[in-house]
Amino acid sequence: MAVEWTVADKEAGQRLDHFLADRAGCSHAAARRLLAEERVRLNGRRARKGGMVRAGDRVTFEGPLPESVPLQPAPEPELAVEVIYLDDNLVALAKPPGLPSHPLRAGERGTLANALVARFPECAAVGEDPREAGLVHRLDRDTSGLLLAARNAATWHSLRQAFREGRVRKEYVALVAGVIQVPGEIDLPLAHHPRDHRRMRVARPGEPGQSARTQFAPLASGENWTLLRVQMSTGRMHQVRVHLAHVGHSLVGDSLYGGPAWPSGLPGHFLHAWRIALPHPSGNQLLLACPLFQTQQEVLLHLGATLPEEMSLTEGEGRLVSKEP
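Residues numbered from 1 in each chain as written. Predicted model: local features only at pLDDT ≥ 70, side-chain atom pairs only at ≥ 80, totals over all residues. Heavy atoms only, no water.

Moving on, we come to the overall build of the chain. Tallying secondary structure elements over the chain gives six helices and 16 strands in all. Radius of gyration (C-alpha) of the chain: 20 Å, near the 20 Å computed for a compact globule of 325 residues. Here the C-alpha coordinates of the chain stretch approximately 60 × 45 × 35 Å along the principal axes. Counting every position in the chain, which comprises 325 residues, the buried fraction comes to 49%. Nonlocal contacts in the chain, meaning residues at least 24 apart in sequence, comprise 66% of its contacts between residues at least 6 apart. Here the chain has roughly 15100 Å² of accessible surface; of this, 48% comes from carbon and sulfur atoms. (Helix = DSSP H or I, 4+ residues; strand = E, 2+ residues; numbered from the N terminus. Rg over C-alpha atoms; globule rule 2.2 N^0.38 Å. Buried < 20%, exposed > 50% of the residue type's maximum accessible area, 1.4 Å probe, protein only. Contact = heavy atoms within 4.5 Å. Areas by Shrake-Rupley, 256 points an atom, 1.4 Å probe, with all protein chains shown as cover.)

Structure representation (structure tokens):
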């Protein structure tokens, strides 16, 4: 039996044995045995164990499939995550900085998805990737804020379609290096970095890329920092981080894209998904907001930055802002 998979954008940059383990639902040891037995081909050629996969690559091997292991996140009821909004169709969660959105491989624990399926077990059966437990989008490990999960298949497909069509509007709060005094917009396509699988970059002339548009406006600034409100309807991998770094204003704490490692106590980069507007499956428009976490508020207090009143929510006050026809 021949099996073939196409590498998705979100899987680009993985080691081939990890990709095989995730897609086949087997252990890493079983995936390495497939490679050692020369049963795997990458784009029609013999594949190496340590090779990396890129978006669009074709991975094939001759079956049978190895013994599978569960890919669904294991429930972790002890991992508490705040629920911002809940109804029969979806749940909105407040992801803390430093918490991965979902497992990358079978058996991984300590992610938001593990907490999600513990409280809402029906999410485990929703979506195309069992690791994601109904999540309709993702946030980077160090990015905090609103994350949405569907509680049934119809809602998942509806929201995924809305994301693809740009009908979901997202607003972030970002702390960047340098001073920005006026609003701006960056409309540049993004592509995977050819030599560093962890990174994205602005596509070079003639290089295929994904369209990406980021708008920003200053909220507060100091001697060598600016707090920005960032808006976007596209959701490319690392979009805000790459676009702002490209114009010389990397996120504070974002070492991957050249950001300064200050102030002390900040866990990774400072990027918070503050607000999201989306078409609810009921036909209404749903607008949700998520407060900054305590560590982030302390950073802003240290800098002397003041948020507008509408954004000055305290921890635990996530709220439904509006739900209109």
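Here we come to the packing of helix α1 (residues 16-24) against helix α2 (residues 28-36). Closest axis-to-axis distance for the α1/α2 pair is 8 Å, and the angle between their directions is 115°. Crossing hand, α1 versus α2: right-handed. Between α1 and α2, the contacting residues are Leu16, Asp17, His18, Leu20 and Ala21 on the first element and His28, Ala31, Arg32 and Leu35 on the second. Looking at the contact of α1 with α2 residue by residue, the class counts come to five nonpolar, two polar and two charged. (Axes fitted to C-alpha atoms, helices over the stretch in contact; angles between N-to-C directions. Left-handed = near helix turned anticlockwise from the far one by under 90°. Nonpolar A, V, L, I, M, F, W, Y, C, P; charged D, E, K, R; others polar.)

This next bit is on the sheet that holds strand β4 (residues 58-62). With antiparallel pairing, the four strands of this open sheet are ordered in space as β1-β4-β2-β3. Single-partner strands in this sheet number two, and they are β1 (2-6) and β3 (45-46). As defined by bridge partners, β1 adjoins β4 across five bridges and the pair is classed as antiparallel. Within β4, the position partnered with Trp5 by the bridge is Val59. Here α1 sits on the sheet in contact with β1, β2 (40-42) and β4, set at roughly 110° to β1. (Pairing = 2+ DSSP bridges.)

Next up on the list: the pattern of salt bridges. Across all of its chains, the model carries 15 salt bridges by this definition. The partner of Glu207 in a salt bridge is Arg201, and the shortest N-O contact between them spans 3.3 Å. (Salt bridge = Lys/Arg side-chain N within 4 Å of Asp/Glu carboxyl O.)

All right, on to the confidence of the model for the chain then. Residues at a pLDDT of 70 or more form 90% of the chain, whose mean pLDDT is 86. Element-level pLDDT for the chain is lowest in strand β16 (residues 319-324), with a mean of 54, against a maximum mean of 97 in helix α5 (residues 239-246). Taken as a whole, residues 314-319 scores under 50 in pLDDT and shows 20 contacts with residues more than four places along the chain or in a different chain. (pLDDT = per-residue confidence, 0-100.)

The next point concerns the pairing of strand β14 (residues 271-279). With respect to burial, β14 is a largely interior element, nine of its nine residues being buried. Pairing of strand β7 (residues 144-150) with β14, which is carried by two bridges, proceeds in the parallel orientation. Within β14, the residue paired with Gly145 across the bridge is Ala273. Here β14 hands over to strand β15 (residues 285-289) after five residues, with Gly283 in that stretch at a positive phi of 105°.

The next subject is unusual backbone geometry. The phi dihedral of Asn43 is positive, around 55°, even though this residue is not glycine. By secondary structure assignment, the location of Asn43 is in the loop between β2 and β3. By relative accessible area, Asn43 is classed as partly exposed at 34%. Of note in the backbone geometry, Ala133 takes a positive phi value of approximately 50° without being a glycine. The class for Ala133 is buried, based on a relative accessible area of 0%.

Ranked by internal contacts, the top residues of the largest apolar core, which has 30 residues, are Leu116 and Leu244. Contributions of two or more residues to this core are made by β6 (90-95), α3 (112-119), β7, β8 (169-177), β13 (225-232), α5 and β14. At five residues, the largest contribution of residues to this core is made by α3. In contact with Leu244, other than residues within four places in its own chain, are Val176, Ile186, Phe216, Leu228, His249, Ser250 and Leu251. One finds Leu90, Leu146, Ala150 and Leu286 within the second-largest nonpolar core, a separate group that totals 21 residues. (Core = buried A, V, L, I, M, F, W, Y, C linked by side-chain atoms within 4.5 Å.)

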